[in-house]
Amino acid sequence: MVQNNPINGTAQQFSQPAFKEVSNLRDVLENYLVYWKWIVAVMVLSLVAAVFFLMTQAPVFEFKASVLIIDPKSQMNELTILNELKEVGLNTNTKLATNEEKVLKSTHLMKLVVGELKLHTTYSRKISLHWEDMYNESPYLVTLSEEGYTALKDEMEFTITKKNGGYSVHGKYLKEKIVADIKTFPATIPTPVGEMVIEKMDDSAYKDITTRVTIQNPVQAAIWLANSGVKSEIDKNADEIRLTFRSNNIQRGQDVLKSLIRLYNQDAVDQITQSAAFTSVFIDNRLKLLTSELSDVEQKIEDYKQTNELTNINSDAEMFLSNNLRLNEESLQAEIQLQLIEFMEQYVKNPMNKDQLIPDLGLSDKGLMNVINEYNMLLLARKKIQEGTSDRNPVLVSMNRQIDEAHKAIQTSIATSKKGFSMSARKIADKNSQFRGRLRDIPRQEREFVEIKRQQQVKEALYVFLLQKGEEAQMSMAVATNKARLLNEPDEARKVAPRTMVVFVVFLMVGFLLPVSVIFLQNLFNTRVRNRSDIERISKLPVLTELAHNKNNETIFDHHSNEIPNAELFRLLRAKLQFLLGAENDKIVLVTSTQPGEGKTFVSVNLAISLAMLDKKVILVGLDLRKPMLSKILNISNEQGVTSYLAGQVNDYHPLVERSEAYPNLNVLTAGIIPPNPNELLISKRFDTLFEELRKEYDYIVLDTSPVGAVSDTYLIDRVADVCLFVCRSDYSDTRNIDFINRLDAEGSLNRIYLIINDVNFESHRYTYYRKYGYGYGYSYGSPAEAKDGKLK
C-alpha cells in the first residue's frame, strides 16, 4: 500500500489551525450567502411590514412637569416639621417629598382629575390605519348617569356615523350589541348600564366625521392614572417631584398634569383651612369657658374688697414678696401648662374625639407636641388613602395600627408631662413655703387678696394665650398658600412613540434574523453531507474530487465536451487516480458506496470512459452481483457475465466481454444472472484467477461493486483491488455514513479508501468560482459525437 501520495500533500501543507479557522468561517458565511436572495426578499418584506406597522400606530407624546414641595413649617396646621421630630429622637425615616408623592398619585386626586377633564370618555377619528384621539374637539358629547358610570364593568365602545341623512350608532358592551339610529340631537339611547345621551357639538372642527367613542368606569380610569399613567420621580437633593405622563393627544397630556398639580394644591389648601377652622372652634369653646371662670374670679376680688373694705393694697407688701416673684412666675407657667395638659387629656380621653385631629394649644413640652403632630399626620394620610381603597388594603391596615399606637403614646406622654409639671409645681411650692414664715406678719386680708389675685392672673394669661392662638388660626385660614410650587410646566410635547428608526431597525433585524434562523435550524438539524467541507470536518480520509449535479439525469454524458462540468471533473479525477496508481501493477479501482442511490455506478461507468480516452485498454467489470445495473445503463445483454465464469458455466471469459463502439478502448464485463450464492462465488479461486488474467490484459480495471452498508460482497472483492473509491452523494448521504467509512478505514476492512462526493450543486453561491471559470477553456470547436441516449452502442 502507498502510505504517502501527492494527492494529499497539498492539503496537509495547509492544514494549519489558522487556515482552518479562516476556512471554517468562510464556509459558514457561504452557507448563508447561498440564500442571499431569499434573505434580501424577507428583509424587503419586513421593511414593508414596518411601514404598515407605523401606519397603524398613533403617535405618543411625553409630557414632563416638576413641582417643589413647600415646607409647611410656617403654616398653621397640625403637622410638625420632620426636623423637629429628629431633635427629640422621633425620626420617622421618611421625607416630605416622599409623603407628598403618594398624595399626588393617590386615587382621590386622580378621581378629581378624571372628573374634571372627563378622561373616562375618549373620542377618536380614523386617520390612515390608526385612530387619533380628538379629546375636546369631538363633534359629539356622550354622557351617562352617575349610576351608569359606576355600573360599567368593562369598556363600552361604539362608533357614530353619518348615514342616509341621519346618524347610526354601532358598538358593543361586553357581549351585548349597541345599535341605534339618530334623527335629531340630543338623542337618548338605551344601553345595558342605563340611558346614554349624545349631543352634537356645533363648534367642532370635525363635523359629521365618523367617531369612535370609548367609555370606561371613572374609578378604573383614576386607578390606571395612579398606578401606571402618571410616573413620578423624587430629586435626591431637594424636595422636588418630577411628573411624567404620556398621551396620544398633546392637549390632553398637558391638561392632565396641569389639573393634577392645581387640584393637589387646592386639596392641600382645603386641608390647611379645615385644620385651622377646627382649631379655631376648639379655642372659641375654651375661651367661653375661661370667660366665665375669669368673671367669677374678678367677682370674687370685688366681693373680697367690699367685705374687707379695701380700696388699695399697701405697696409695702410687694417688698416682702420681692424674693418670691421669680417663683410665682414659674408657678404661674406651671399651672398654665397643667391646665392645658388637663384640657388635652380630657379631649383625648373623650370617645367622641377618636380619629379627630388634636389641636395645637402651644404646650411647652416638645416631646408631647411631636407625638401629637405625628398622630395628626397619620390621620390626614389615612383619610386620603381611605378614599381610594378598601379597608383590607395592607397599607391602610398598617396605618390603622400605627394610629392606635400613636394614640396610646399620646396618652402616655400626657401622663408623663402632667406628672412632670406637677412635680415642678410641688418644688416651687416647697420653695415658697420658705418665705411664708416671713409673710406671717402680713395682714391676713393682704395675703388672701394676693391668692385671689394670682388666680385672676392665671385665668387672664390663659385667656390671652388662647385668644392669640385663635387669631393665628383665623389668619391661617385667610392666607393659606399652595403646598407645591410649579417649577416646570408641561408645555413641551416630546414624541416618544412610535420611534420610526427603531421600528425600521427592529423589523429589518427581524427580516434578517428570521431567514438566518431558519437556515441555521435547517443546518442544525441537517445530517446530510453537502460538500467537501462537511466531510473534512468529520473525517481524515482524503477527498479526491467533487462531481457536479447531472441535470439531464443521464448516466453517460459527452466526455469530449468542454462545457459539461462533469467532463472536466472526471478528467481531474482521472489525473489524481494516475498518481494513486503509481506502481507498475496498480490497475484495479474498486468503486463502492454505503447505500444504494449514491452514484457508485455513475462514477464507475464515467471513470472507465474517461480512462479509456487516454488510449489505454480499460475494462469495466460489474461486480454488484445482487443488483446489477451496468447492463441496463449500457443497454447490453446480461444473460452471461462474471457469475457465469465464476460458477464454471464457461471457462473463457473473453466471449463475455462487450466492446464499446463510441470508445474503442473501453470493454465491459457485466455481472450476469443474479446467483443464489454471491459470497461463495467471490471467494472462489476462479475469482482470483480472473483478475490475474485481467491485470495482464488491461491497463485499468474499474469494478462496480455492491454498497458496503447493505451487503458484505465488497469486502471480499477488496482483496484484488489497488484503490477503493468510496462514493458519497451531496444532500443524500447521511453523516453517519462517513462515521461508518471511518470505522472501515480504522478496521482495515477496505484498502486505500479515497472519497468522491457526487451530485454537488455547483450552481450555489459557494461555487461561484467554478461557475465563472467553467470546466472547459472556451474552445470554439466541437467534440466528437457520442450517443445521446446514454448508451455505448
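Here we summarise the structure given alongside this text. (Residues numbered from 1 in each chain as written. Predicted model: local features only at pLDDT ≥ 70, side-chain atom pairs only at ≥ 80, totals over all residues. Heavy atoms only, no water.)

### Quick notes on helix α17 (residues 565-580)
Put simply, the rule is: Note on conventions: DSSP H or I runs of at least 4 residues are helices, E runs of at least 2 residues are strands, and numbering of each starts at the N terminus. An expected span of 1.5 Å times one less than the residue number is assigned to each helix. A 1.4 Å probe rolled over the protein chains alone gives each residue an accessible area, and that area as a share of the maximum for its type sets the label: buried under 20%, exposed over 50%, partly exposed in between.
Its 16 residues give α17 an end-to-end C-alpha distance of 23 Å, which sits within 8% of 22 Å, the value for a rise of 1.5 Å per residue. Residues of α17 that are buried: Asn566, Ala567, Leu569, Phe570, Arg571, Leu573, Arg574, Lys576, Leu577 and Leu580.

### Thoughts on the sheet that holds strand β2 (residues 121-127)
In a beta sheet, neighbouring strands are held together by backbone hydrogen bonds and run either parallel or antiparallel to one another. For clarity, the cut-off: Any two strands with at least two DSSP-identified bridges between them are counted as paired. All axes are obtained by fitting lines to C-alpha atoms, using only the stretch in contact for helices, and the reported angles, taken between N-to-C directions, cover 0 to 180 degrees.
Ordered in space as β3-β2-β10-β5-β6-β7, the 6 strands form an open sheet in which the pairing is antiparallel. Each having just a single partner strand, β3 (130-133) and β7 (176-182) make up the two edges of the open sheet. If you compare each strand with its neighbour and ignore which way they point, the axes differ by 25° on average. As defined by bridge partners, β2 adjoins β3 across 4 bridges and the pair is classed as antiparallel. Bridge pairing links serine 124 to aspartate 133 in β3.

### Considering empty space enclosed by the protein
To keep things clear, this is the line we draw: Here the term cavity refers to a set of points on a 1 Å grid, laid over the protein atoms alone, in which a 1.4 Å probe fits but cannot get out; the term pocket refers to an open set having protein on both sides within 12 Å along at least five of seven lines, with lining residues being those that place an atom within 4 Å of a point. Grid points are joined across faces, edges and corners, and a volume is the space filled by probe spheres set on the points. Three categories are distinguished: nonpolar for Ala, Val, Leu, Ile, Met, Phe, Trp, Tyr, Cys and Pro, charged for Asp, Glu, Lys and Arg, and polar for the others, with Gly belonging to the last.
Evaluated as defined, the whole model comprises 5 cavities of 30 Å³ or more. Within this model, the second largest cavity holds a volume of roughly 40 Å³. If you trace the second largest cavity, you find it lined by Tyr347, Val348, Asn353, Lys354, Gln356, Ile358, Tyr375 and His407. In terms of residue class, the lining of the second largest cavity is made up of 4 nonpolar, 3 polar and 1 charged.

### Considering the sheet that holds strand β19 (residues 666-669)
Rule in force here: Residue contacts are defined here by distance: any two heavy atoms, one from each residue, within 4.5 Å place the two residues in contact.
Read from one edge of the open sheet, 8 strands run β15-β22-β21-β16-β20-β17-β19-β18, paired in mixed fashion. The open sheet has two free edges, formed respectively by β15 (543-548) and β18 (658-659), since each of these has just one partner strand. Judged from the 5 bridges that link them, strand β17 (residues 618-622) and strand β20 (residues 700-704) form a sheet pairing that is parallel. Considered in β20, the bridge of glycine 622 is made with aspartate 704. Here α17 sits on the sheet in contact with β15, β16 (588-593), β20, β21 (723-729) and β22 (753-760), set at roughly 165° to β15. Contacting β16, β17 and β20, helix α22 (residues 685-697) runs over the sheet at an angle of about 140° to β20.

### What to know about the packing of aromatic side chains
So the rule is basically this: The pairing test for Phe, Tyr and Trp rings, Trp by its six-membered ring, is centres within 6.5 Å, and the orientation test on the planes gives stacked under 30 degrees, edge-to-face over 60, and tilted for anything in between. Counting as a charge over the ring demands two things of the Lys NZ or Arg CZ atom: a distance within 6 Å of the ring centre and an angle within 35 degrees of the ring normal.
With the rule as written, the count across this model stands at 11 aromatic pairs. Both rings, one in phenylalanine 687 and one in phenylalanine 691, keep their centres 4.8 Å apart while their planes meet at 55°; by these two values the pair is tilted. Here phenylalanine 687 pairs with phenylalanine 691, and both are found in helix α22, just 4 residues apart, close to one helical turn. Pair check on accessibility: phenylalanine 687 and phenylalanine 691 agree, each one buried. The rings of Tyr140, Tyr167 and Phe185 are connected pair by pair, giving a single aromatic cluster. One residue, arginine 686, lies across the ring of tyrosine 645, its end atom 4.4 Å from the ring centre. Of note, arginine 729 hangs over the ring of tyrosine 732, and the distance from its end group to the ring centre comes to 5.0 Å.

### Structural notes on the environment of glutamate 147
Among the secondary structure elements, glutamate 147 is positioned in helix α7 (residues 146-151). Between the C-alpha atom of glutamate 147 and that of glycine 194, which follows or precedes it by 47 residues, the distance is 7.9 Å.

### Focus: unusual backbone geometry
Look at the link from phenylalanine 185 to proline 186: it is a cis peptide, with omega at -5°. Note that proline 186 resides in the loop between β7 and β8 (187-191). Note the cis peptide between alanine 497 and proline 498, where omega equals -10°. Mapped onto the secondary structure, proline 498 falls in the loop between β14 (494-497) and α15 (500-525). One non-glycine residue with positive phi stands out, namely asparagine 164, at about 55°. Examined against the element boundaries, asparagine 164 turns out to sit in the loop between β5 (156-163) and β6 (166-173). On the basis of relative accessibility, which here comes to 73%, the residue asparagine 164 falls in the exposed class. Phi angles above zero are rare outside glycine, and leucine 174 is one such case at about 55°. Following the sequence through the fold, leucine 174 ends up in the loop between β6 and β7. For leucine 174, a relative accessible area of 48% translates into the label partly exposed.

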